[in-house]
Amino acid sequence: MILVLFGPPGVGKGTQAKLLAEKLGIVHISTGDMLREAVRAGTELGKKAKAVIDSGQLVSDDIMVGIIREVLSSGRSAKGFILDGFPRTVPQAEALSSLLEELGITIGHVVNLRLAEAIVVKRLSSRRTCRKCATIYNLTEKRLADQVKCPNCGGELYQREDDRPETVLRRLSVYARSTTPVEEFYRKRGLLTDVDGSGTVEAVNRAILKVLGKL
Ligand code: AMP
């Protein structure tokens, strides 16, 4: 199963990808998580990427395609995978098509999670991530009121630098300009299905599983 989870920042791609990877026994590939890990580890890539990520811009296509080529060629994802946050530009989508062709595999589905922009902004500004187990939370959830620790593992909950209000607006405009054309790229190829991202995590998850024919 090869799935691309598509949609604006804050729509719930990361949360859904984690759940689906568990349920379907396939690998979750999040380019955002990989870049943040590189920043934490202080690698050359991390040093180059940090300012770009923090300002809400996109890391270059060359770097991103290189990262994906390495992961997909490693064999780690042989049973199937979910791409979360890649491709984000048409050149990335084109490079992915060539890479998959080389590897003799094809994309099964592109799920386009949709959500009104006002809700996206709200969700991003109240999003917190656990430093230890990387679980994503939303401060509007009742059980999280006044919580600073992860209910899962006790790790510290933090706000991503790029989830601050000024950067959120930049990310949404970058999405509209550079990433929206990718939607058309996959729609034209008959691969894309829209899914309403406004329901609960469970409801959205069921809707995606239905699209995948797994429900
Ligand atoms: P995400 O966690 O997917 O929202 O990604 C966080 C940030 O990492 C983005 O705002 C970009 O700066 C960078 N990034 C992640 N994936 C890509 C990609 N496919 N192309 C370019 N930049 C990316």
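As a reminder, the structure under discussion sits directly above these lines.
Since we're looking at a predicted model, the values are computed, not measured.

*Asks:* Would you mind going over empty space enclosed by the protein with me for this structure?
*Replies:* To find leftover empty space, a probe the size of one water molecule is rolled over the atoms. Applying the stated criterion across every chain, the model contains one cavity of 30 Å³ or more. Forming the boundary of the largest cavity are Val-4, Leu-5, Phe-6, Gly-7, Pro-9, Lys-13, Gly-85, Phe-86, Pro-87, Arg-88, Tyr-175 and Thr-179. If you list the elements that add at least two residues to the lining of the largest cavity, you get strand 1 (2–6) and helix 7 (165–188). The element contributing the most residues to the lining of the largest cavity is strand 1, with three residues. In terms of residue class, the lining of the largest cavity is made up of seven nonpolar, three polar and two charged.

*Asks:* When you look at the site of the ligand in this model, what are you seeing that I'm missing?
*Replies:* Near the ligand there are 16 residues, and of these Thr-31, Arg-36, Gln-57, Gly-85 and Gln-92 occur at the shortest range. Arg-160 is positioned such that a nitrogen or oxygen atom in its side chain is 3.2 Å from an oxygen atom of the ligand. Among the elements that make up the shell around the ligand, the one with the highest residue count is helix 2 (residues 31–41) (four residues).

*Asks:* Hey, could you run me through the pattern of salt bridges in this one?
*Replies:* Here the idea is simple: oppositely charged side chains can pair when their charged atoms come close. Overall, the coordinates contain 15 salt bridges when judged by the stated rule. Between Glu-37 and Arg-40 there is a salt bridge, with the nearest N and O atoms lying 2.9 Å from each other. In this pair, Glu-37 and Arg-40 are both assigned in helix 2, three residues apart and thus about one turn of the helix distant. Look at Arg-40 and you get exposed, because its relative accessible area is 54%. Bridged by salt links that share partners, the residues Arg-127, Arg-160, Asp-162, Asp-163 and Arg-171 form one connected network.

Cut-offs and rules
- Each residue is numbered by its place in its chain's sequence as written, counting from 1.
- In keeping with the model being predicted, local features are shown solely for residues with a pLDDT of at least 70 and side-chain atom pairs are shown and tallied solely at 80 or more, while totals for entire chains, interfaces and linings include all residues.
- The basis for every side-chain value is the complete set of heavy atoms in the structure, and neither hydrogens nor water enter the calculation.
- Cavities and pockets were defined on a 1 Å grid built from protein atoms only: a cavity is a group of points that admits a 1.4 Å probe but offers it no way out, a pocket is an open group of points flanked by protein on both sides within 12 Å along at least five of seven lines, and a lining residue is one with an atom within 4 Å of any such point.
- Grid points are joined across faces, edges and corners, and a volume is the space filled by probe spheres set on the points.
- To qualify as a helix, a DSSP run of H or I must reach at least 4 residues; to qualify as a strand, a run of E must reach at least 2; elements of each kind are numbered from the N terminus.
- Gly is put with the polar residues, along with every residue not named as nonpolar or charged; the nonpolar set is Ala, Val, Leu, Ile, Met, Phe, Trp, Tyr, Cys and Pro, and the charged set is Asp, Glu, Lys and Arg.
- Being near a molecule or strand, for a residue, comes down to having at least one heavy atom within 4 Å of it.
- We call two N or O atoms a polar contact when they sit within 3.5 Å, provided that within protein one can donate a hydrogen and the other can accept it, with sequence-adjacent residues counted only if both atoms are side-chain atoms.
- Here, a salt bridge means any side-chain nitrogen of Lys or Arg that lies within 4 Å of a carboxyl oxygen of Asp or Glu.
- Each residue's exposure class comes from its accessible area (1.4 Å probe, protein chains only) as a fraction of the maximum for that residue type: buried when under 20%, exposed when over 50%, partly exposed otherwise.

On their own, these measurements won't tell you what the molecule is for.
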